[in-house]
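These are the residues of each chain, in order.
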Amino acid sequence: MARPENAHQARLLGLLRDEGPRSRAELGDVVRLARSKLAVELDRLAVLGLVEQAGLAASRGGRRSGIVRLSSRLRFVGVDIGATSVDVAVTSGELEILGHLSEPCDVRSGPAAVLDRAMAMLGALRERGLFTEVHGAGLGVPGPVSFRDGVPVAPPIMPGWDRYPVRDAVAAELGCPALLDNDVNIMALGELHAGPARTVDDFLLVKIGTGIGCGIVVGSRIYRGVSGSAGDIGHIRVDDAGPLCACGNAGCLEAFFGGAALARDALAAARAGRSAFLAGRLAEAGEVTAADVAAAAAAGDPVAVAMVREGGRRLGQILAGLVSFFNPGLVVISGGVAGLGHPLLAEIRSVVYRRSAPLATGNLPIVLSELDGTAGVIGGARMISDQVLSVA
């Protein structure tokens, strides 16, 4: 696929992606190019097949200006692989979701099986007539990733994935550019593009799923650290005498609070008869999950309420340190366990606001994600579009 040829073209494409169709006059106001230079760049982008005309704008006192939009042929793919599910979406050039599928999937079944499932889901979206060609694919996985190499690196909950060439395999399968990152990072990009973080340059996205991770956005860009492991807060130790974590250490935050830890503690409470609600779920389904804890807490079950509060307290302690250190403009809480909702949010807020420096929390919103499980696929599409719509 063609790429923009210079920085002016790349900026125009970014504006059209993020702000939608604009008149030539409006684009000229933003990019501060002479009318003749703007016309040259837009005409060249049209020849490259990256933009197209979309009618005429209302008059601003003279001849009506033409409206420009990204090519209606542009299609990006976002793939969000979690520990227990996989989501696939196809978006337009403006990253509007045209089709989205989500299915249960165990990441422990290995890269070949999981990627085959994701490609089959994408094939189902193709059969709906949503696209004929993919111009880029962005993927996230629930473990550490070498962004430069496009491979997972020693992921604790992903046996068989270490150094598997995920990025290159998907690029070859789809015949388009592909990028791979940690799932929390692509969720943060989704929040940046379509969530409450649109108006914030520096923020934290905390995902509480099977595990716990943090996406760090600085100056509207993902901060990955030197080797790509920035934000791995689930493996910060909170208690030396705590339970064994999947990473092999003891007492990590993730070992106390996360989907797997909640399910473990809920099962123990159900078997011990300490929670009638959870015992009932165990009898019905043969297992209890983090979702059962949420339901029990909503029903006022005191054991479940205590589990939510304790988890929120421990996460809040870690976040309080991060807030004092990083001084973000926003904290977004997301992931499956964030379905515990406002009782969890209230506990996190209480601890962070009490323990962090007043200057850091004086105007700090801590909110639940509003993207209803689509942050990852939107962020995956955003990640690859950043590359495709940039200068080659």
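No experiment lies behind these values; they were computed from the predicted model shown. (Residues numbered from 1 in each chain as written. Predicted model: local features only at pLDDT ≥ 70, side-chain atom pairs only at ≥ 80, totals over all residues. Heavy atoms only, no water.)

Caption draft 1: Structural detail: the nonpolar core. Of all hydrophobic cores here, the largest spans 41 residues; its most connected members are Val206, Ile208, Phe257, Leu315, Leu319, Val331 and Ile333. Contact partners of Val206, with chain neighbours within four places excluded, come to Ile212, Gly213, Cys214, Ile233, Leu315, Leu319, Val331, Val332, Ile333 and Ser334. Grouped together as the second largest cluster of nonpolar side chains are 39 residues, Leu74, Leu371, Ala375 and Met383 included. (Core = buried A, V, L, I, M, F, W, Y, C linked by side-chain atoms within 4.5 Å. Buried < 20%, exposed > 50% of the residue type's maximum accessible area, 1.4 Å probe, protein only. Contact = heavy atoms within 4.5 Å.)

Caption draft 2: How the structure looks around the pairing of strand β14 (residues 331-334). Residues Val331 and Ile333 of β14 are buried on one face, and the alternating residues Val332 and Ser334, pointing to the opposite face, are buried as well. Here strand β11 (residues 203-208) runs beside β14; their pairing, made up of four bridges, is parallel. Pairing of Leu205 across the sheet is with Val332, part of β14. Strand direction decides the pairing type here: β14 and strand β15 (residues 366-368), joined by three bridges, are parallel. Paired with Ile333 across the bridge in β15 is Leu368. (Helix = DSSP H or I, 4+ residues; strand = E, 2+ residues; numbered from the N terminus. Pairing = 2+ DSSP bridges.)

Caption draft 3: Broad picture of the sheet that holds strand β2 (residues 51-56). The three strands lie next to each other as β1-β3-β2, forming an open sheet whose pairing is antiparallel. In this open sheet, the two strands that pair with only one neighbour each are β1 (22-23) and β2. Here four bridges tie β2 to strand β3 (residues 66-70), and the two strands are oriented antiparallel to one another. In the sheet register, Glu52 faces β3, and the bridge partner there is Arg69.

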